[in-house]
Amino acid sequence: MSLIPIYSDFSFSSNQNDCRKRFNEINQLFESRFESKPSFYTRAPGRVNFIGDHIDCNHFSSLPMAIQADMTAAVSIRTDQLIKISNLDSKFEDSSFEIPQNGQFTIDKTIFSWTNYVKCGFLVASNFLKENSPNSAITLNGLNVLFHGTVPSGGGLSSSASICVCSALLFLRANGMSKITKKDLTKISVVSEHYLGVNTGGLDQCASIYGEDSKALLVHYKPDIHGETFSFPNIKPSPMKILISNTLVEANKFETAPVNYNLRVVEFAVASEILAVRTGFDLPKDSNLKTATLKGFLDTYLEKKLGWAHWDGHNVSHALKYFAKGLELIEQLFDENEKKNGFTTEEAAKALNISTDEFASRFLASFPVRYEKLKLYKRSKHVYFESLNVFKVIELLTSNNTTNDFKFMENLGSIINDSQQTSITGIENSTPEIEIVCEIALKNGSYGSRVTGAGWGGCVIHITTEDKIEKLYTALSEEYYKKRFPGISENELKDALIITQPSSGALLIEL
Ligand code: GLA
């Protein structure tokens, strides 16, 4: 069972000098704010998703990696029942609150505040402590916590997951747990943002926790959520490089969830249930909305009709056939009008043989959503197509016939570019800025460029090789950033264009 690692130095960091400087700054402010020294620290990184977005809520695997940017917290234990939180960045206001009875932190979903993310982490951790305590009443420690985050907010790099995971981890440690399994921390933190009304899957938290140096992660959701590491090959003569460019169009998942994020999850759920009705199969109700999923549909259909085994997340050649079948079925089971125009609530309820009231209580009651039409065909097609893309990448990474490294990069790039196309047409989370950035990049040395994470703004991931990185960097600086943001400073540019490599996941530091 793998445990959250505990470090007594900065060897987890690829730049130990910068890390030491950062911790000195954190310590200084901590001592002046709380008149005590931190007794331990927790860190949880952001992630960049290499490929496979908006499929996790259907239990299909994505291929993310943890990045160096993270949320770090310094913590000391108080003798009273107060929790005081502060942030090194003064734009995040200080906050102080009493530990609620039995750890049931209340979260005001109507406002957007950074403190809410901290409370979400504390809440899932205190629920876990309660479940694991021999007597149901638990005594929780008061805390001083100073946070410092380097993941850009609203950039699609999981700034919200990094703060929730970092908070859950510090809360467990501060209340007596030091042997924390990655599995438990993932299981509890995947639901943390649900308390804010955002129906997230598990991709972000799993990547933040299971991340490893130089490795990408295939995230599995069934039978339980965990990450499996994958390495990228050594590309010769010029090594592969990953560049992230932030379009600087902020995507606030919390504020836009009803028309973007939460709505997609409802569309997947309604599509799965309609496919069940149309094929006459009973499906497991294992989505976040307690409905069927597109995985449940495809598993059941292929088992009953063709005797295929359920998709186990591992066998690559099975994956390629399995998702291709999903795509075929979607073509057959939605008619031309539905494909073109989508479904109104009335049409969807009719397809399910239920009233609109029952429809609302089954699909619309748990998380806020707003829409006119539900685009069920487009979204389902996206899920099977994008899941197929993930396994095309895994096939490339695991096949040993990469004798021609240039060809490898071209093949990888072409899958990444296909993934960007389904963002535009299938899940509709791309933006004009993202498309401009992709276009500039592909003309200037990127083999493949796609929006990463939730989208609707945020970051693009590009793959290239070392010999082309300078040209790519310069083209994006000149043709996107300097044109669109004329006064942009060199530092802002440096923050927006990041050459990254997979980094280690969540950890505890006890110096
Ligand atoms: C957000 C969610 C994740 C995942 C991605 C898209 O980051 O939190 O669960 O759905 O979007 O892949």
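Just so you know, the residues in each chain are numbered from 1, in the order the chain's sequence is written. The model is predicted, so local features are restricted to residues of pLDDT at least 70 and side-chain atom pairs to those at 80 or more, both for listing and for counting; the totals for chains, interfaces and linings are taken over all residues. The side-chain quantities take in all heavy atoms of the structure and omit both hydrogens and water.

S.K.: I'm lost on the pattern of salt bridges in this one. Help?
M.R.: Here the idea is simple: oppositely charged side chains can pair when their charged atoms come close. Whenever a carboxyl oxygen of Asp or Glu lies within 4 Å of a side-chain nitrogen of Lys or Arg, that contact is scored as a salt bridge. Tallied over the entire structure, the rule returns 34 salt bridges. The salt bridge involving Lys375 is made with Glu428; its shortest N-O contact spans 3.2 Å. With Lys375 in the loop between α12 (356-364) and α13 (376-398) and Glu428 in the loop between α14 (405-427) and α15 (432-443), this residue pair connects regions lying 53 residues apart in the sequence. Residue class for Glu428 comes out partly exposed when judged on its relative accessible area of 24%. A network of salt bridges, in which partner residues are shared, links Arg264, Glu267, Lys375, Lys378, Arg379 and Glu428. Secondary structure elements follow DSSP: runs of H or I no shorter than four residues count as helices, runs of E no shorter than two count as strands, and numbering proceeds from the N terminus. Three labels apply to residues, based on accessible area from a 1.4 Å probe with only protein chains included: buried if under 20% of the type maximum, exposed if over 50%, partly exposed otherwise in between.

S.K.: Would you mind going over the sheet that holds strand β11 (residues 459-465) with me for this structure?
M.R.: The pairing of strands in a sheet comes from backbone hydrogen bonds and takes either a parallel or an antiparallel form. By this definition, two strands are paired if DSSP reports at least two bridges between them. If you walk across this open sheet you meet the four strands as β10-β11-β9-β12, and the pairing is antiparallel. The two strands at the open ends of the sheet, each matched to only one other strand, are β10 (448-451) and β12 (497-500). Neighbour-to-neighbour, the strand axes of this sheet turn through a mean angle of 20°, independent of strand direction. Every axis in this analysis is a line fitted to C-alpha atoms, fitted for helices over the stretch in contact. Angles between the N-to-C directions lie between 0 and 180 degrees.

S.K.: Explanation requested: the site of the ligand in the structure shown.
M.R.: A cutoff of 4 Å decides nearness: a residue is near a molecule or strand if any of its heavy atoms lies inside that distance of it. Taken together, Arg47, Asp53, His54, Asp56, Thr200, Gly201, Leu203, Asp204, Lys253, Tyr261, Gly453 and Ala454 are the residues near the ligand. At 3.1 Å from an oxygen atom of the ligand is found a side-chain nitrogen or oxygen belonging to Arg47. Any pair of N or O atoms that falls within 3.5 Å is considered a polar contact. Within protein, one atom must be able to donate a hydrogen and the other to accept it, and sequence-neighbouring residues count only if both atoms are side-chain atoms. Asp53 places a polar side-chain atom, nitrogen or oxygen, 2.5 Å from an oxygen atom of the ligand. When the ligand sits alone it has 310 Å² of accessible area, and the protein chains cover 98% of it. We call Asp, Glu, Lys and Arg charged. Ala, Val, Leu, Ile, Met, Phe, Trp, Tyr, Cys and Pro are nonpolar, and the rest, Gly among them, are polar. Here the shell around the ligand is composed, by residue class, of three nonpolar, four polar and five charged. Here, Shrake-Rupley sampling with a 1.4 Å probe gives the accessible areas, and only protein chains in the shown set may cover a residue.

Nothing here speaks to function; it is geometry throughout.
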